[in-house]
Amino acid sequence: MNVLLWGALPYVAFALLVAGIVWRYRYDRFGWTTRSSQIYESKLLNIASPVFHYGILFVLAGHLLGLFVPASWTDAIGVTAHTYHLFSLYGGTLAGAVALAGIALLVYRRRTRAPVFRATTANDKVMYLVLVAAIVLGMWAKVAHSTPTAGYEYRDTIAPWARSLFRLSPDIGLMSGVPVLYQIHAVVGMLLIALVPYTRLIHMFAAPVQYLFRPYIVYRSPDERQLARRGAAAGVVTRVREEPAKLLPHAEARLRPAWRCA
């Protein structure tokens, strides 16, 4: 079982992630969106969406820092183990709570706004369930195995295991003594990674990074004289359409006999 969970499952999840991204890019580019429901309701969305996104970004940043930055690096810049523990405990818990608050508002909006609820798919429900489970389990594991003075040092076990995956030589033995809550959190996290490209979470890979490098757009102030000439011309056209008899009496007179003959 350890080989399956900590030696094979991570690569299966990563393969599903990459395959899903490639498939969506090649065959479902127009579906590569958040499927936004802002057209149905925007007041709650304008609150819930930023709350969730800020929270989940800090959660992701904390995971990247904790898993892929060795303890020796933080020690080298003067961050003690106790300081790091406090930052992880309180900062990570706060980020998770903010993300959960955003999700709660988003779910409340979907349940109480009929058009938004009708636009909710089974795919969305599964995505919310797995996402909430991953966040809650992570917070639960951290709080259950921590005190203000000390806590479980996952940087000695889970972090080296995670880095060993990228060397294609997973150190499965490191995960054997990890607390069960952390293990369940890791498994659910891998499931979430595998689901990302098949849900609306795919939009995280569509950030407009090219905007940072595109040429500047030049805006020129309008020429008042040119606008005045265009306005005058538009006024004449409008008057011709509304009052042709007054503006073109001779033309109407010439046309009248021909009209009568017809």
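Residues numbered from 1 in each chain as written. Predicted model: local features only at pLDDT ≥ 70, side-chain atom pairs only at ≥ 80, totals over all residues. Heavy atoms only, no water.

1. Quick notes on the nonpolar core
Right, so step 1: Formed by 39 residues in total, the largest nonpolar core has its most connected members in Ile56, Leu131, Ile135, Ile158, Trp161 and Tyr182.
Right, so step 2: Secondary structure elements with two or more residues in this core: α1 (2-27), α2 (45-68), α4 (81-112), α6 (122-144), α7 (158-166) and α8 (180-195).
Right, so step 3: Apart from the residues lying within four places of it in its own chain, the contact partners of Tyr182 are Ala141, Lys142, His145, Tyr152, Tyr154 and Ile158. (Core = buried A, V, L, I, M, F, W, Y, C linked by side-chain atoms within 4.5 Å. Buried < 20%, exposed > 50% of the residue type's maximum accessible area, 1.4 Å probe, protein only. Helix = DSSP H or I, 4+ residues; strand = E, 2+ residues; numbered from the N terminus. Contact = heavy atoms within 4.5 Å.)

2. Observations regarding the side chain of Arg109
Right, so step 1: Following the sequence through the fold, Arg109 ends up in helix α4.
Right, so step 2: Under the relative-accessibility criterion, Arg109 is labelled buried at 1%.
Right, so step 3: Dropping the residues within four chain positions of it, Arg109 is found in contact with Ser37, Gln38, Glu41, Leu44, Leu45 and Val116.

3. Focus on the packing of aromatic side chains
Right, so step 1: One pass over the structure, following the stated rule, counts four aromatic pairs.
Right, so step 2: Measuring from centroid to centroid gives 5.5 Å for Phe68 and Phe166, while their planes differ by 80°, and the two rings are edge-to-face. A residue pair is termed long-range when its members are at least 10 positions apart, and Phe68 in helix α2 and Phe166 in helix α7 qualify at 98 residues.
Right, so step 3: Site record: aromatic cluster; members linked through ring pairs are Tyr152, Tyr154 and Tyr182.
Right, so step 4: Sitting above the plane of the Tyr84 ring, Arg155 keeps its charged end 3.7 Å from the centroid. (Phe/Tyr/Trp six-rings, centres within 6.5 Å; stacked < 30°, edge-to-face > 60°. Lys NZ or Arg CZ within 6 Å of the ring centre and 35° of its normal.)

4. Remarks on a nonpolar patch on the surface
Right, so step 1: Together, Val12, Leu16 and Tyr198 give the surface a local cluster of nonpolar side chains, amounting to about 240 Å² of exposed area.
Right, so step 2: When you line up the elements, Val12 lands in helix α1. (Patch = residues over 30% accessible without salt bridge, like charges linked within 9 Å, V, L, I, M, F, W, Y side chains within 5 Å. Areas by Shrake-Rupley, 256 points an atom, 1.4 Å probe, with all protein chains shown as cover. Salt bridge = Lys/Arg side-chain N within 4 Å of Asp/Glu carboxyl O.)

5. A few points about the environment of Leu65
Right, so step 1: Within the secondary structure, Leu65 is located in helix α2.
Right, so step 2: C-alpha separation for the pair Leu65 and Ala159, spaced 94 residues apart in sequence, amounts to 9.7 Å.

6. Things to note about the packing of α6 against α8
Right, so step 1: Taken N-terminus to C-terminus, the directions of α6 and α8 make an angle of 155°; their axes are 9 Å apart at the nearest point. Judged by the angle between their axes, α6 and α8 are roughly antiparallel. Seen along the crossing, α6 lies across α8 with a hand that is left-handed. Residues Val126, Val130, Leu131, Ala133, Ala134, Leu137, Gly138, Trp140, Ala141, Lys142 and Ala144 of α6 form the contact with α8, whose participating residues are Leu181, Tyr182, Ile184, His185, Val188, Leu191, Leu192 and Leu195.
Right, so step 2: Of the residues that constitute the contact of α6 with α8, the class distribution is 16 nonpolar, two polar and one charged. (Axes fitted to C-alpha atoms, helices over the stretch in contact; angles between N-to-C directions. Parallel < 35°, antiparallel > 145°, perpendicular 65-115°, else oblique. Left-handed = near helix turned anticlockwise from the far one by under 90°. Nonpolar A, V, L, I, M, F, W, Y, C, P; charged D, E, K, R; others polar.)

7. Some points on the side chain of Thr74
Right, so step 1: Following the sequence through the fold, Thr74 ends up in helix α3 (residues 71-76).
Right, so step 2: For Thr74, a relative accessible area of 7% translates into the label buried.
Right, so step 3: Only 3.0 Å separates the side chain of Thr74 from the side chain of Arg155, close enough to count as a polar contact. (Polar contact = N/O pair within 3.5 Å; in protein donor to acceptor, adjacent residues only side chain to side chain.)

8. Examining α4
Right, so step 1: With 32 residues, α4 ought to run about 46 Å at 1.5 Å a step, and its terminal C-alpha atoms sit 46 Å apart, in line with that.
Right, so step 2: In the core, the buried residues of α4 are packed alongside α2, α5 (114-118) and α6. (Expected span 1.5 Å × (residues − 1).)

9. A word on the pattern of salt bridges
Right, so step 1: In total, this model carries four salt bridges according to the counting rule given.
Right, so step 2: Arg24 serves as the salt-bridge partner of Asp28, at 2.9 Å between the closest nitrogen and oxygen.
Right, so step 3: Among the salt bridges present, the one from Arg109 reaches Glu41, with a minimum N-O distance of 2.6 Å. Remark: Glu41 occurs in the loop between α1 and α2 and Arg109 occurs in helix α4; sequence separation between them is 68 residues. The residues Arg109 and Glu41 share a single accessibility class, namely buried.

10. Some thoughts on the environment of Tyr198
Right, so step 1: Of note, Tyr198 is situated in the loop between α8 and α9 (224-242).
Right, so step 2: On the basis of relative accessible area, Tyr198 is assigned to the partly exposed category, the value being 34%.
Right, so step 3: In this structure the C-alpha to C-alpha distance between Tyr198 and Trp23, which are 175 residues apart in sequence, comes to 9.6 Å.
Right, so step 4: Setting aside chain neighbours within four positions, we find Tyr198 in contact with Leu16, Ala19, Gly20, Arg24 and Asn123.

11. Quick word on the confidence of the model for the chain
Right, so step 1: Per-chain confidence: the chain averages 84 in pLDDT, with 82% of residues scoring 70 or above.
Right, so step 2: Taken element by element, the predicted model of the chain shows its lowest mean pLDDT in helix α11 (residues 249-261) (46) and its highest in α8 (96).
Right, so step 3: Of the regions scoring below 50 in pLDDT, residues 251-262 engages in one contact with residues more than four places distant in sequence or in other chains. (pLDDT = per-residue confidence, 0-100.)

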